[in-house]
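# Coordinates in review
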Amino acid sequence: MAIGPGARRRISILGSTGSIGVSTLDVVEQLGGREAFDLVAITGNSNVELLARQAKTFGARMAVTADDARYAELKEALAGTGIEAGAGREAIMEAAAAESEWMMAAIVGTAGLAPTLAAARRGADIALANKECLVSAGDLFVHAVREGGGRLIPVDSEHSAIFQSLEDDQHHAIERIVLTASGGPFRTWSREQMADVTVDVAKAHPNWSMGLKISIGSASMFNKALEMIEAKHLFDLRPEQIEVIVHPQSIIHSMVGYRDGSILAQLGVPDMRTAIGYALTYPDRPQLNVERLDFAKLARLDFEAPDEVRFPALRLARSALERGGVQGAVMNAAEEVAFDAFCAGQIGFLAMADIAEEVMEAMIGYPAAGSIDEVFAADAEARRIAAALISERTMAA
Ligand code: NAD
Ligand code: MG
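These notes cover the structure that comes with them. As the structure is a computational prediction, the values presented were derived from the model and not from experiment.

What counts as what
- Residues numbered from 1 in each chain as written.
- Chains lettered and ligands numbered in written order.
- Predicted model: local features only at pLDDT ≥ 70, side-chain atom pairs only at ≥ 80, totals over all residues.
- Heavy atoms only, no water.
- Helix = DSSP H or I, 4+ residues; strand = E, 2+ residues; numbered from the N terminus.
- Rg over C-alpha atoms; globule rule 2.2 N^0.38 Å.
- Buried < 20%, exposed > 50% of the residue type's maximum accessible area, 1.4 Å probe, protein only.
- Areas by Shrake-Rupley, 256 points an atom, 1.4 Å probe, with all protein chains shown as cover.
- Lys, Arg positive; Asp, Glu negative; His and termini not counted.
- Charge placed at Lys NZ, Arg CZ, Asp CG, Glu CD.
- Near = heavy atom within 4 Å.
- Polar contact = N/O pair within 3.5 Å; in protein donor to acceptor, adjacent residues only side chain to side chain.
- Nonpolar A, V, L, I, M, F, W, Y, C, P; charged D, E, K, R; others polar.
- Axes fitted to C-alpha atoms, helices over the stretch in contact; angles between N-to-C directions.
- Parallel < 35°, antiparallel > 145°, perpendicular 65-115°, else oblique.
- Left-handed = near helix turned anticlockwise from the far one by under 90°.
- Contact = heavy atoms within 4.5 Å.
- Pairing = 2+ DSSP bridges.

A count of helices and strands for the protein chain gives 18 helices and 11 strands. Against the globule reference of 21 Å for 397 residues, the protein chain gives a C-alpha radius of gyration of 21 Å, in line with a compact fold. Dimensions of the protein chain along its principal axes, counting C-alpha atoms only, are 55 × 55 × 40 Å. For the protein chain, with 397 residues in total, the buried portion stands at 54%. For the protein chain, the computed accessible surface area is about 17,000 Å², with 49% contributed by carbon and sulfur atoms. Computing the positive centroid from 36 side-chain charges and the negative centroid from 54, the protein chain places the two 3 Å apart.

What follows deals with the site of ligand 1. Close contacts around ligand 1 come from 22 residues, with Thr17, Ser19, Asn45, Glu132 and Gly211 the closest. A distance of 3.4 Å is found between an oxygen atom of ligand 1 and a backbone nitrogen or oxygen belonging to alanine 129. Contacts to ligand 1 include glutamate 132, whose side-chain N or O atom sits 2.8 Å from an oxygen atom. Along the lines of polarity and charge, the residues of the shell around ligand 1 split into 10 nonpolar, nine polar and three charged.

For the pair helix α6 (residues 113-121) and helix α18 (residues 372-396), interaxial distance at closest approach is 12 Å and the crossing angle is 165°. Taken together, the axis directions place α6 and α18 in an arrangement best described as roughly antiparallel. Note that α6 runs across α18; the crossing there is right-handed. Within the contact between the two elements, α6 uses Leu113, Ala114 and Leu117 and α18 uses Ile372, Val375 and Phe376. Considering only residue class, the contact of α6 with α18 consists of six nonpolar, no polar and no charged.

One way to put it is that helix α8 (residues 157-165) packs onto helix α12 (residues 222-235) with a least axis distance of 10 Å and a crossing angle of 30°. What the angle tells us is that α8 and α12 run roughly parallel. In terms of crossing hand, the pair formed by α8 and α12 is right-handed. Across the interface between the two elements, Glu158, His159, Ile162 and Phe163 from α8 touch Lys224, Glu227, Glu230, Ala231, Leu234 and Phe235 from α12. Looking at the contact of α8 with α12 residue by residue, the classes come out as five nonpolar, one polar and four charged.

Once that is clear, we can look at the sheet that holds strand β6 (residues 125-128). Strands sit in the order β4-β3-β2-β1-β5-β6-β7 across an open sheet of seven strands; the sheet is parallel. The sheet is open, and its two borders are formed by β4 (84-87) and β7 (152-154), each paired with just one other strand. Each strand axis lies, on average, 15° off the axis of its neighbour in the sheet, ignoring direction.

In this section: unusual backbone geometry. In the segment running from tyrosine 282 into proline 283, the intervening peptide bond is cis, with an omega of 5°. Within the fold, proline 283 resides in the loop between α13 (272-281) and α14 (295-298). Phi angles above zero are rare outside glycine, and serine 250 is one such case at about 55°. Considering the arrangement of structural elements, one finds serine 250 in the loop between β9 (242-246) and β10 (252-258). By relative accessible area, serine 250 is classed as buried at 6%. One non-glycine residue, alanine 299, adopts positive backbone phi at about 65°. Counting through the fold element by element, alanine 299 comes out in the loop between α14 and α15 (313-323). Alanine 299 gets classed as exposed once you look at its relative accessible area, which sits at 66%.

Pairing between β10 and strand β11 (residues 263-267): five bridges, direction antiparallel. Looking at the pairing, glycine 257 lines up with isoleucine 263 of β11. Hairpin connection, β10 to β11: the antiparallel pair is bridged by four residues, and glycine 261 has positive phi, about 90°.

In structure tokens form, the structure reads like this:
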């Protein structure tokens, strides 16, 4: 990209200290760093030291930690730099509101919803890693992007692949999309084997290096469940148009099947920087220093049908898609609570899906959300029920 010194692109990164955030700054560096980009705001949570270092390296104007208690630490680390320090939820909202043209939404979980929505409303182009925005509040979020007038560019590798495989003005000719799934570390395991796994075993993903939540979600295939709902909203699909196929090598990142029988796919080595770079310079393709695919070395690509018995999250996503309303928000919130309980050693690996399912069933018929506050109300109710189910289980154990 040829960007002169007077025309630096104004960008911000929510969740800059995470796996996606760090990769985003790597791409920013590859594409010219502070010469090419005016980093309006970056945000993190507990890793204040990294946040401050990033802010100084890239000349950010504002750095915000979500953790109120770390304000003094951040302020001190940025003393004398002229970089504004902030802390807490309100400050995260200010970072999202700060006038960037492009924003990477890479906070993990529902915490990313309110700030990403604010950036969408003010018309920033949104590079969306935080799939939870679409799972919890798909219709409202897509509407906010449309009203704001910015672009919504997927960063999730599968959705980036689909986005790249879509042809202009051919939405009517899409028959289906095929989301590929690596199958995670337990692809060939029985339910009995999965029952007692620890967090350390579950987080070891075979192909991708990612944050903890999404790594565990890959092992349970809950991540793919979220991605099915994400795809529905991003690409305006009917539930029956969304397929999942297990593809252990993670080389085909996903595909679009058209009504003439053609399948278009996007391939590459599993490296999030390709999808991030594409979202940053879209529709231009950036020059990126990532590993190139060597087909001879690869030799083969494998595919397997997904197993909804061993991985019930896929079945739950299908139910959420069919039921509509707030079921996506409910599934996501219940699973976030169950994930925390699994990480804390309170429940087993398989109980995460059981709890999500029970909460979803308890909330069938809960009114659909017409506003973001109603989404948050459903989210809170799902969390309350999930927490009660977990304490029942831990008391019984
Ligand atoms: P991560 O855990 O590595 O990073 C999360 C970021 O969010 C960090 O900067 C953290 O400081 C911040 N954060 C955490 N809790 C917060 C809170 N309460 N308020 C504000 N900020 C908070 O996660 P990640 O793997 O980078 O994933 C980020 C998002 O991108 C997730 O939604 C994930 O599903 C999605 N995603 C990640 C990958 C990947 O390869 N890592 C791929 C596709 C999609
Ligand atoms: Mg993905």
